[in-house]
Structures are given as C-alpha cells and as structure tokens.
Amino acid sequence: MKDYGTILVIDDNEAILTALKYCLSGTFGKVMTLTSPDTVISLLNQEEVNIILLDMNFTLGVNSGQDGLVWLQAIRKHHPEIPVVLITAYADVQLAVRGLKRGAADFITKPWDNDDLVRKLKDVLDTADEVATLDEIEADHIRRAIDRCHGNLSKAADVLGITRQTLYNKMKKLQ
C-alpha cells in the first residue's frame, strides 16, 4: 500500500483529532495534529507536510467558517504547494464554494465517512502529483484574473500585464 507521507490535522476538538489520527494512520506515514492554527506557519517551516486537513471554526460560539478561510489564505500565501482540505460541521454550499475559490483542494463535512475521507485525501494528493500543461495554467490564471476583476476585462488585462486585445485573443483560444 502506498504511503501518502505526512498529514497535518488542525482542529480544536481533541476527540476529533484522536479519531482522525486513528482513521488516517493506515494511509499516512505520519499524522501530526494541532489544536490551534496559531503555530501552523512556523511548523510548516520546520516540517515536511504533504497535506493539511483544516477545521473551519476555532472561535468559541462562532460557526461562520471565517477562521478557516483566514488560515487557508495564510497557509496558501506561505506554502502554496501544500494542498489544504477544509473540514467543518457547519457546512453549506456557499461556504464550500468560498473555500474552494480561495484555494482549498476539497471540502469535507463532519461527521465524515472514514472511507470517503481517506479517498478524498488520496485523490487530492494523487492529483497534486500531476503536472498541468502551460495552456491549462494560463487558462486558469486568466479565469482567476477575470473573476478577481469581477468580469471587467480592461482591468483584468491590466492585472495580467497584457493588452485588452491580447486578452480577447487568449479567451478565444480557451473556448
């Protein structure tokens, strides 16, 4: 069976960390846990981590998922090569979409199915090993620039450092 390396699980609930450690130990060579994301960046600077499973709520009484989105962005800023899978008990479609748009590799709801969780984590890592073509990378970059500029193509062209006409030509190739 393939060893999927090291996973870092960040959740403020000790019981969940224990359950996930038990569930994931057969798939991952090393399962690391944190009860708070406060030290995650320094830990990632010291340890080689292949994937992160990040809870979305850390503030007592707040279930908006905003904590997880903030930490997702911090992790992506400092370690964009490490895929982050979000997990929460307070899931809705809008929260999942916001997480995916901000760079999450996948989204899992609590309670989880062990087999489904392991399959999703393996899929994320297997997909991360694939190399995208330059055309795919360029197309993704163009789409993100246009999204960030809320569809304003002139502004998107400026952000990309190309002319509006060049952007139009590239968009035609995408269709």
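Residues numbered from 1 in each chain as written. Predicted model: local features only at pLDDT ≥ 70, side-chain atom pairs only at ≥ 80, totals over all residues. Heavy atoms only, no water.

A. Spotlight on the overall build of the chain. Each helix and strand in the chain was counted, giving eight helices and five strands. Reading the helices (α) and strands (β) of the chain from amino to carboxyl end gives β-α-β-α-β-α-β-α-β-α-α-α-α. Viewed in the frame of its principal axes, the chain has a C-alpha envelope of about 55 × 40 × 30 Å. The 175 residues of the chain split such that 38% are buried. When contacts within the chain are restricted to residue pairs at least 6 apart in sequence, long-range pairs at least 24 apart make up 58% of them. Mean positive and mean negative side-chain charge positions of the chain (20 and 25 charges, respectively) differ by 9 Å. (Helix = DSSP H or I, 4+ residues; strand = E, 2+ residues; numbered from the N terminus. Buried < 20%, exposed > 50% of the residue type's maximum accessible area, 1.4 Å probe, protein only. Contact = heavy atoms within 4.5 Å. Lys, Arg positive; Asp, Glu negative; His and termini not counted. Charge placed at Lys NZ, Arg CZ, Asp CG, Glu CD.)

B. Representation of the packing of helix α1 (residues 14-24) against helix α5 (residues 114-128) within the structure. Viewed as axis vectors pointing N to C, α1 and α5 meet at an angle of 70°, and their least axial separation amounts to 11 Å. Considering the angle they form, α1 stands roughly perpendicular to α5. In this structure, α1 crosses over α5, and the sense of that crossing is right-handed. Of α5, the residues touching α1 (which contributes Leu 20, Cys 23 and Leu 24) are Asn 114, Leu 117, Val 118 and Leu 121. Tallied by class, the residues present in the contact of α1 with α5 amount to six nonpolar, one polar and no charged. (Axes fitted to C-alpha atoms, helices over the stretch in contact; angles between N-to-C directions. Parallel < 35°, antiparallel > 145°, perpendicular 65-115°, else oblique. Left-handed = near helix turned anticlockwise from the far one by under 90°. Nonpolar A, V, L, I, M, F, W, Y, C, P; charged D, E, K, R; others polar.)

C. The arrangement of α1 in detail. Buried within α1 we find Ile 16, Leu 17, Leu 20, Cys 23 and Leu 24. End-on, the buried residues of α1 take up no more than an arc of 130°, which puts them together on one face. Exposed residues lying more than 90 degrees from the buried face of α1 are Glu 14, Ala 15, Thr 18 and Tyr 22. In the core, the buried residues of α1 are packed alongside β1 (6-10), β2 (30-34), β3 (51-55) and α5. Looking at where α1 begins, the residue whose side-chain oxygen comes 2.8 Å from the main-chain nitrogen of Ala 15 is Asn 13. (Arc of directions from axis to C-beta. Polar contact = N/O pair within 3.5 Å; in protein donor to acceptor, adjacent residues only side chain to side chain.)

D. Region of interest: the sheet that holds strand β4 (residues 84-88). As summarised here, the arrangement of the five strands in space is β2-β1-β3-β4-β5, forming an open sheet in which the pairing is parallel. If you trace the sheet from one side to the other, it starts and ends with β2 and β5 (106-109), each paired once. Adjacent strand axes in the sheet meet at a mean angle of 20°, parallel and antiparallel pairs treated alike. Relative to β3, β1 runs parallel, the two being bridged by four bridges. Its bridge partner being in β3, Ile 10 is matched across the sheet by Leu 54. Relative to β3, helix α3 (residues 66-78) is tilted by about 155°, and along the sheet it contacts β3 and β4. (Pairing = 2+ DSSP bridges.)

E. How the structure looks around the side chain of Thr 88. Topologically, Thr 88 is positioned in strand β4. Only 3.3 Å separates the side chain of Thr 88 from the side chain of Asn 57, close enough to count as a polar contact. Setting aside residues up to four positions removed in sequence, Thr 88 forms contacts with Asp 55, Met 56, Asn 57, Leu 95, Phe 107, Ile 108, Thr 109 and Lys 110.

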